[in-house]
Amino acid sequence: MPESGLIGRAPQAQGSAGNELLIALKDPQRLLSKTHLAFGRDGMSVWVMDLDSGNGTQITVASGAPYNISSRTRVNLNDGDIVHVGSRSFRITFQETDQ
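Remember, predicted model here, so these are calculated numbers, not experimental data.

Participant: Summarise the sheet that holds strand E2 (residues 21-24); cite the residues concerned and give the values.
Facilitator: One key point about sheets: their strands pair by backbone hydrogen bonds, in either a parallel or an antiparallel sense. One open sheet holds the five strands; their spatial order is E2-E1-E3-E4-E7, and the pairing between them is mixed. At either end of the open sheet lies a strand with only one pairing partner, and these are E2 and strand E7 (75-77). Neighbour-to-neighbour, the strand axes of the sheet open up by a mean angle of 25 degrees, direction not taken into account. Here strand E3 (residues 37-42) pairs with strand E4 (residues 45-50) via six bridges, running antiparallel.

Participant: Summarise the nonpolar core; cite the residues concerned and give the values.
Facilitator: Of all hydrophobic cores here, the largest spans eleven residues; its members are Ile 7, Leu 32, Leu 37, Val 48, Ile 59, Ile 69, Val 75, Leu 77, Val 83, Val 85 and Ile 92. Looking at this core, the elements that each hand over two or more residues are E7 and strand E8 (82-85). Those residues in contact with Ile 69 that sit more than four places away from it in its chain are Val 48, Asp 50, Thr 57, Ile 59 and Val 75. Leu 6, Ala 38, Met 49 and Leu 51 belong to the second largest nonpolar core, which has five residues in total.

Participant: Talk me through the pairing of strand E5 (residues 57-60); I want residue IDs and the actual numbers.
Facilitator: Residues Thr 57 and Ile 59 line one face of E5 and the alternating positions Gln 58 and Thr 60 line the opposite face, and both faces are buried. Where E5 lies against E8, four bridges are found, and the strand directions are antiparallel. By the bridge assignment, Ile 59 is partnered in E8 with Val 83. In this sheet, strand E6 (residues 66-68) lies alongside E5 in antiparallel orientation, the contact comprising three bridges. Opposite Ile 59, over in E6, you have Tyr 67 as the bridge partner.

Criteria and thresholds
- Residues numbered from 1 in each chain as written.
- Predicted model: local features only at pLDDT ≥ 70, side-chain atom pairs only at ≥ 80, totals over all residues.
- Heavy atoms only, no water.
- Pairing = 2+ DSSP bridges.
- Helix = DSSP H or I, 4+ residues; strand = E, 2+ residues; numbered from the N terminus.
- Axes fitted to C-alpha atoms, helices over the stretch in contact; angles between N-to-C directions.
- Core = buried A, V, L, I, M, F, W, Y, C linked by side-chain atoms within 4.5 Å.
- Buried < 20%, exposed > 50% of the residue type's maximum accessible area, 1.4 Å probe, protein only.
- Contact = heavy atoms within 4.5 Å.

See below:
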């Protein structure tokens, strides 16, 4: 299973490995870039990275206001953080699993 992926209107793998999860979202308002956001996991950390999108990416921490993240910079997320891309939002929820 891939440990990283891309979100956008029509995301395309960026590396030669092509082992990324691609999540295409319908976006009739065209607020998302074709390949808007990268996300992934490094060990126990979960991160997102805006990919020079036209409308940017925002994060709302569990106890604060939304803020814009810098393009091409990985931002580690915490349980309860909300990521905003275009008109879509998703909340980060960590769950323990048996492995």
